[in-house]
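One letter stands for each residue in the lines below.
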Amino acid sequence: MEKVSIFGVDIFNIDFKEATEIVKGFLKEDGKIKKIFTPNTEIVMDARDNNEIKDIINSGDLVIADGIGLIYGSKMRKKPLKERVTGFDISMKLIDIAEKEGYSIYLLGAKPGVAKRASENLKKDHPNLNVIGHHDGYFKGIHLGMKDHEEEKVVINEINSLKPDIIFLGLGFPKQEIWINENAEKLDSKLIIGNGGVIDILSGDMKRAPEIFIKLNLEWFYRLITNPSRIKRQLAIPKFLIAIIVDKNSVK
Ligand code: UDP
């Protein structure tokens, strides 16, 4: 698989269709659980200065470019990534595949009550989808620096008693990446994706940007105007592009 390395983060150079084929393949395979990471510009900037996080992301079986800044940066250094493939879109595709082909889904993450509402909405909108279980993301575990905590063991045992094929994990970055790194292989599942706010969107607690903003690659701008307190996070994009210009070896 061709990868583009941006500040040492290896991102698969694939379009949405190719990513879909890869996840379908993961679901057909038996054996080790597959890990999907969805870095955006901000995450790559973080990983640049944090080898632990960088290694975790690079250990993913699928690593997609979930930020338009990454596409621009790769093009500026003449190693163009094909397109932005978001964690949200791949998650929706997984729901679609699961409903058609009979795979089960477990939702883990977000504030108490949110994953439950998300799973109720999913069942309503996808009558043939097997949403096998859910749990909020506020138990004690490795993501909060508490390795092998009893509460985490309870969650893992519950998941393994249900054996979901697909796990959506929404603890935010870098908690979900740390959690996957520590626990994925303890899980009796085929695939786990760290997909940030997807559970909040499925529950209706959060809205995705209107289609027009997404089409124009201005999702970041929509987020900024609807939630100005994100300004510090949004500055990651220009900071990232400047770092790409300054460092000749930023993209390989
Ligand atoms: N989250 C969680 N457990 C935690 C911290 C966060 O389940 O210990 C959830 C949070 O409720 C939200 C998602 O992870 O659904 C992203 O959280 P974050 O605070 O990182 O939001 P962001 O800053 O990414 O919008």
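Residues numbered from 1 in each chain as written. Predicted model: local features only at pLDDT ≥ 70, side-chain atom pairs only at ≥ 80, totals over all residues. Heavy atoms only, no water.

(A) Geometry of the overall build of the protein. Looking only at helices and strands, one finds 13 helices and eight strands in the protein. Computed over its C-alpha atoms, the radius of gyration of the protein comes to 18 Å, within 12% of the 18 Å expected for a compact globule of 252 residues. For the protein, the spread of C-alpha atoms along the three principal axes comes to 50 × 35 × 35 Å. Buried residues in the protein amount to 50% of all 252 residues. For the protein, long-range pairs separated by at least 24 residues make up 74% of all intrachain contacts whose partners lie at least 6 apart in sequence. Roughly 12,100 Å² of accessible area belongs to the protein as shown, and the carbon and sulfur atoms make up 52% of that amount. Placing the 39 positive and 37 negative side-chain charges of the protein at their respective mean positions leaves the two points 5 Å apart. (Helix = DSSP H or I, 4+ residues; strand = E, 2+ residues; numbered from the N terminus. Rg over C-alpha atoms; globule rule 2.2 N^0.38 Å. Buried < 20%, exposed > 50% of the residue type's maximum accessible area, 1.4 Å probe, protein only. Contact = heavy atoms within 4.5 Å. Areas by Shrake-Rupley, 256 points an atom, 1.4 Å probe, with all protein chains shown as cover. Lys, Arg positive; Asp, Glu negative; His and termini not counted. Charge placed at Lys NZ, Arg CZ, Asp CG, Glu CD.)

(B) Fine view of the site of the ligand. The ligand sits among 14 residues. The nearest are Ala 110, Gly 137, Tyr 138, Asp 200 and Arg 233. Taking Gly 137, its main chain carries an N or O atom lying 2.7 Å from a nitrogen atom of the ligand. Tyr 138 places a side-chain nitrogen or oxygen 2.9 Å from an oxygen atom of the ligand. Compared with its free state, where it exposes 530 Å², the ligand has 70% of that area covered by protein. Residues that form the shell around the ligand fall into these classes: four nonpolar, five polar and five charged. (Near = heavy atom within 4 Å. Polar contact = N/O pair within 3.5 Å; in protein donor to acceptor, adjacent residues only side chain to side chain. Nonpolar A, V, L, I, M, F, W, Y, C, P; charged D, E, K, R; others polar.)

(C) How the structure looks around the environment of Ile 245. By secondary structure assignment, the location of Ile 245 is in helix H13 (residues 236-246). Since its relative accessible area comes to 55%, Ile 245 is described here as exposed. With residues up to four places along the chain from it excluded, the contact list for Ile 245 reads Met 76 and Arg 77.

(D) Local environment of the nonpolar core. Counting residues in hydrophobic clusters, the biggest one holds 75 residues, and the most contacted among them are Ile 6, Phe 168 and Trp 179. Ranked by the residues each element gives to this core, the list is headed by helix H5 (residues 87-101), at six residues. (Core = buried A, V, L, I, M, F, W, Y, C linked by side-chain atoms within 4.5 Å.)

(E) Main features of a nonpolar patch on the surface. A cluster of nonpolar residues, Tyr 72, Met 76, Ile 242, Ile 245 and Val 246, forms a patch on the protein surface that exposes about 500 Å² of accessible area. When contributions to the nonpolar patch are tallied by element, the ones reaching two or more residues are helix H4 (68-76) and H13. Here the nonpolar patch gets three residues from one element, more than from any other, and that element is H13. (Patch = residues over 30% accessible without salt bridge, like charges linked within 9 Å, V, L, I, M, F, W, Y side chains within 5 Å. Salt bridge = Lys/Arg side-chain N within 4 Å of Asp/Glu carboxyl O.)

(F) Broad picture of the pattern of salt bridges. Enumeration according to the criterion identifies 19 salt bridges in this entry. One salt bridge in this structure joins Asp 49 and Arg 48, with 3.5 Å as the shortest N-O distance. For Glu 182, the salt bridge is made with Lys 186, and the minimal N-O distance between the two is 4.0 Å. Of the residues examined, Lys 186 reaches a relative accessible area of 38% and is grouped as partly exposed. Each of Asp 66, Arg 84, Asp 89, Arg 208, Glu 219 and Arg 223 takes part in a single network of salt bridges with overlapping partners.

(G) Focus on the side chain of His 143. Locating His 143 in the fold gives a position in the loop between strand S6 (130-135) and helix H7 (150-162). By relative accessible area, His 143 is classed as buried at 8%. A distance of 3.2 Å separates the side chain of His 143 from the backbone oxygen of Phe 139, its partner in a polar contact. With sequence-adjacent residues up to four places away left out, His 143 is seen in contact with Gly 137, Glu 152, Leu 171, Lys 175, Ile 178 and Trp 179.

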